Amino acid sequence: MDAMTSMDAIGVLAAMTAVARRTALVLGASGGIGGAVARALRDAGWTVRALKRGLAGESEHRDGLQWLRGDALVAEDVQRAAQGCSVIVHAVNPPGYRRWSELVLPMLENTIAAAKARGATIVLPGTVYNFGPDAMPHPAEDSPQRPVTRKGAIRAEMERRLQAGAGRGDFRAVVLRAGDYFGPGAANSWFSQGLVTPGQPVAKIQQIGTDGVGHQWAYLPDVATAMVSLIERCGTLPAFARFHFAGHWDADGRQMVEAIRRVVQQRTGVQARLTRFPWWAVRLAQPVVPLFRELAEMRYLWRQPLRLGESRLAAELADVGGVPHTPLDVAVERSLVALGCLPGTSTLNRSSAAAAARSAHPA
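In this text the structure is predicted, and so the values were computed from the model without any measurement.

Asker: Could you clarify how one ought to interpret empty space enclosed by the protein in this entry?
Answerer: Rolling a probe over the atoms, with the probe sized like a water molecule, indicates the empty space that remains. One pass over the full model with this rule turns up four cavities of 30 Å³ or more. One number sums up the size of the largest cavity: a volume of about 80 Å³. As for the largest cavity, its lining consists of 14 residues, of which Gly209, Trp217, Asp250, Gly253 and Trp302 are closest to the centre. Sorting the residues of the lining of the largest cavity by element identifies strand 10 (215-219) and helix 8 (255-268) as the ones contributing at least two each.

So this is what it looks like as C-alpha cells:
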C-alpha cells in the first residue's frame, strides 16, 4: 500500500510537471499578435493563461483560455499569473501608441522578474523599429541596433535587457521580428487604420508608401504559428535566440493595395479607387494628437525599404515543414472579412468595427 501510494504521488508529480511544461502566460492576449499566439498555443494543446484588466471576477474561461484579472504594470499580478508557467509571451503594448517611454520598460521588467523567479522562457514579438539607416535595407538578426526614433530606442533596450538576463542565466528568451502585422485580430495596424476603413465596404484604398519603395507585411496567423514552433523547441535554442520572419514583401509599394483591390473586385464586383494616404494631415495634427506624432515618427519605414530575411528561421523550422506562409490574396481576403469590409463570417461585426475606426483611424 505504501509503495502504491508512493507510485501514485510520483505519477501525480510527473503529471503536474508535464502540465507546467506546456502552460504559457500571454501578456497582451487581447491584442493582435498576443491574441493570435494565445489561440495558436491553445490549438497546439497548451494551457494558456491571459491577463486582462477589468474582469468581473478573478478569472474566467473563455475561448479555451484562462483569463485572469490583472495588469501587466502590476508586478504582483504578473507574478501570480505566471505561477506554474514555463513560457511568458510578452506581447503587451501601451494602448494607442501612448506613453511608451513611461510604460513599456516597466512592463517588461515585471515579465523579466516573473521569468527569473521560475526559470521560464520569455518570448517577444519583435519589430523593425530597432534598426536605423545603417542597417538598411537588409538587416540581419544580429545587425547593430542604432535606431533613430524614440520607439526604436525603447525596442532596442527591451532586447538588450533580455539578452543580458539570458546571458546571466536568469531565464531564456526568444525574439521573433516581423514587419507590419495584418490579419484577423490586427485592429491597430497600418492595414486596418491606413489602407481601408473597418466596418465599411472597400470603395477606396489608401496607398501609404511611396511608389517603388518596398515594404514588409506579416500575416498574423503565420507569425503566431511560427512563434509556437519556436516555443515548442525553446529548450534546444540558444539561451537568447533572435529570428526574422519574412512574411510578404511588397517590392514596389503597390502589391498590397493591388491585392486588396483584386480581392474586393472578385468578391463584390466593385473596383475600388486608389488614393494617397494623407500624410499632410498627420503632419498638421501631430502637435495636438499623440497618435499622429507616433505615426509621423515611423514614416521613414514607408520611405526606405527594409527587408528581413528568414534563412535562420527557415533552417530552424525545416523539420516541421518550414516557415508558415499564407498566399497573399487568401490572407488579404481573410483580413477584410474579419474587419467587416467583405461579407462573410467576421470576428468584428460592422458596428464594432465602425466604432474602432472612429476611435483609432489616423485619417
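We are not done yet, so read on.
Asker: What exactly am I supposed to notice about the environment of Leu51 here?
Answerer: When you line up the elements, Leu51 lands in strand 2 (residues 47-52). Here Leu51 falls in the buried class, since its relative accessible area comes to 9%. Between the C-alpha atoms of Leu51 and Gln66, which are 15 residues apart in sequence, the distance is 8.6 Å. If near-sequence neighbours (up to four positions away) are discounted, Leu51 is found in contact with Leu25, Val26, Leu27, Leu68, Arg69, Gly70, Asp71, Ala72, Asp77, Val78 and Ala81.

Asker: Honestly, helix 4 (residues 100-118) in this entry has me stumped. Any pointers?
Answerer: Since the α-helix turns once every 3.6 residues, residues separated by three or four places project in the same direction. Taking 1.5 Å of rise per residue, the 19 residues of helix 4 would be expected to cover 27 Å, and the 27 Å separating its terminal C-alpha atoms lies within 8% of that figure. Residues of helix 4 that are buried: Trp100, Leu103, Val104, Leu105, Met107, Leu108, Asn110, Thr111, Ile112, Ala114 and Ala115. Immediately downstream of helix 4, the backbone of Gly119 shows phi near 65 degrees, a positive value.

Asker: Explain the side chain of Thr127 here, please?
Answerer: Among the secondary structure elements, Thr127 is positioned in the loop between strand 6 (121-126) and helix 5 (150-168). Polar side-chain contacts of Thr127 include one of 3.2 Å to the backbone nitrogen of Tyr129. There is a polar contact of 3.4 Å between the side chain of Thr127 and the side chain of Asn130. With near-sequence residues (within four places) excluded, Thr127 lies in contact with Arg155, Arg177 and Ala178.

Asker: Help me understand helix 8 in this model?
Answerer: With 14 residues, helix 8 ought to run about 20 Å at 1.5 Å a step, and its terminal C-alpha atoms sit 20 Å apart, in line with that. Of the positions making up helix 8, those classed as buried are Met256, Val257, Ala259, Ile260, Val263 and Val264. End-on, the buried residues of helix 8 take up no more than an arc of 160 degrees, which puts them together on one face. Just past helix 8, the residue Gly269 takes up positive phi, approximately 80 degrees.

Asker: For this particular structure, what's the right way to read the sheet that holds strand 3 (residues 59-62)?
Answerer: Hydrogen bonding along the main chain pairs the strands of a sheet, whether they run parallel or antiparallel. With respect to topology, eight strands assemble into an open sheet ordered 3-4-2-1-5-6-7-11, the strand pairing being mixed. Two strands bound the open sheet, and with one partner strand each, they are strand 3 and strand 11 (240-244). Taking each pair of neighbouring strands and ignoring which way they run, the sheet shows an average axis angle of 20 degrees. Where strand 1 (residues 23-27) meets strand 5 (residues 87-90), four bridges bridge the pair, whose relative direction is parallel. Bridge pairing in strand 5 links Leu27 to His90. Against the sheet, helix 2 (residues 32-43) makes contact with strand 1, strand 2, strand 4 (65-69), strand 5 and strand 6, and its axis sits at roughly 165 degrees relative to strand 1, the strand it touches most. Most of the contacts of helix 5 go to strand 6, to which it runs at about 160 degrees, and overall it touches strand 5, strand 6, strand 7 (172-177) and strand 11.

What counts and what doesn't
Residues numbered from 1 in each chain as written. Predicted model: local features only at pLDDT ≥ 70, side-chain atom pairs only at ≥ 80, totals over all residues. Heavy atoms only, no water. 1 Å grid on protein atoms, 1.4 Å probe; cavity = no way out; pocket = protein on both sides within 12 Å on 5 of 7 lines; lining within 4 Å. Points joined across faces, edges and corners; volume = space filled by probe spheres on them. Helix = DSSP H or I, 4+ residues; strand = E, 2+ residues; numbered from the N terminus. Buried < 20%, exposed > 50% of the residue type's maximum accessible area, 1.4 Å probe, protein only. Contact = heavy atoms within 4.5 Å. Expected span 1.5 Å × (residues − 1). Polar contact = N/O pair within 3.5 Å; in protein donor to acceptor, adjacent residues only side chain to side chain. Arc of directions from axis to C-beta. Pairing = 2+ DSSP bridges. Axes fitted to C-alpha atoms, helices over the stretch in contact; angles between N-to-C directions.

Keep in mind these numbers describe shape, not what the thing actually does.
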